[in-house]
Amino acid sequence: MQLFPCPFCGPREESEFHYGGEAGNLRPDGADVTAERWAGYLHMRDNPKGPTREIWVHLTCGEFFAMSRDSVNHKVSGSSALGETEHGA
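Bear in mind that the values here come from a model prediction, so they are computed numbers and not experimental data.

**Here's the deal with the side chain of Arg 69**
Thought 1: Mapped onto the secondary structure, Arg 69 falls in strand E5 (residues 63-70).
Thought 2: By relative accessible area, Arg 69 is classed as buried at 15%.
Thought 3: Within the structure, Arg 69 has its side chain in polar contact with the side chain of Glu 54 (distance 2.6 Å).

Below, the structure written as structure tokens:
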């Protein structure tokens, strides 16, 4: 079992977390969003191979946070509360 670093609770088993999506996928603002822009927000992802930054939620404490990890070897390099500087894993 892999340990994920919750910035609020410390290292916990991966089964306590749920993936929330890639970081930086900002929801379009306003009622005048085109169908193409909305579809891009909902369905288009970068899906990078290697280092990535993602949004996760720790189901135990209910907090959302950003985590940096490698999508190839799954090594976590750090996590942070949303809007804060990242802490090393």
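**As for the packing of aromatic side chains**
Thought 1: In total, this model carries 5 aromatic pairs according to the counting rule given.
Thought 2: Each ring, one from Tyr 19 and one from Trp 56, has its centre 5.4 Å from the other, and the planes form 75 degrees; the classification is edge-to-face. In this pair, Tyr 19 sits in strand E3 (residues 17-22) while Trp 56 sits in strand E4 (residues 51-58), placing the two residues 37 residues apart along the sequence.
Thought 3: Judged by relative accessible area, which is 39%, Tyr 19 ranks as partly exposed.
Thought 4: An aromatic cluster is defined as three or more aromatic residues linked by ring pairs; in this entry it consists of Phe 4, Phe 17, Tyr 19, Trp 56 and Phe 65.

Rules used throughout
- Residue numbering note: each chain is counted from 1, following its sequence as written.
- Since the coordinates come from a predicted model, pLDDT governs what is reported: local features require at least 70, and pairs of side-chain atoms require 80 or more to be given and counted, while whole-chain, interface and lining totals use all residues.
- Side-chain measures here rest on the full set of heavy atoms in the structure, leaving out hydrogens and waters.
- Only DSSP runs of H or I with at least four residues qualify as helices, and only runs of E with at least two residues qualify as strands; both kinds are numbered from the N terminus onward.
- Buried residues are those whose accessible area, probed at 1.4 Å on protein chains only, stays under 20% of the maximum for their type, while exposed residues exceed 50% and partly exposed ones sit between those limits.
- In the analysis that follows, any N or O atom pair within 3.5 Å is treated as a polar contact, provided that within protein one partner can donate a hydrogen and the other can accept it, and provided that, for residues neighboring in sequence, both atoms belong to side chains.
- Whether two aromatic rings pair depends on their centres lying within 6.5 Å, for rings of Phe, Tyr and Trp, where Trp uses its six-membered ring; planes under 30 degrees apart make the pair stacked, over 60 edge-to-face, and the rest tilted.

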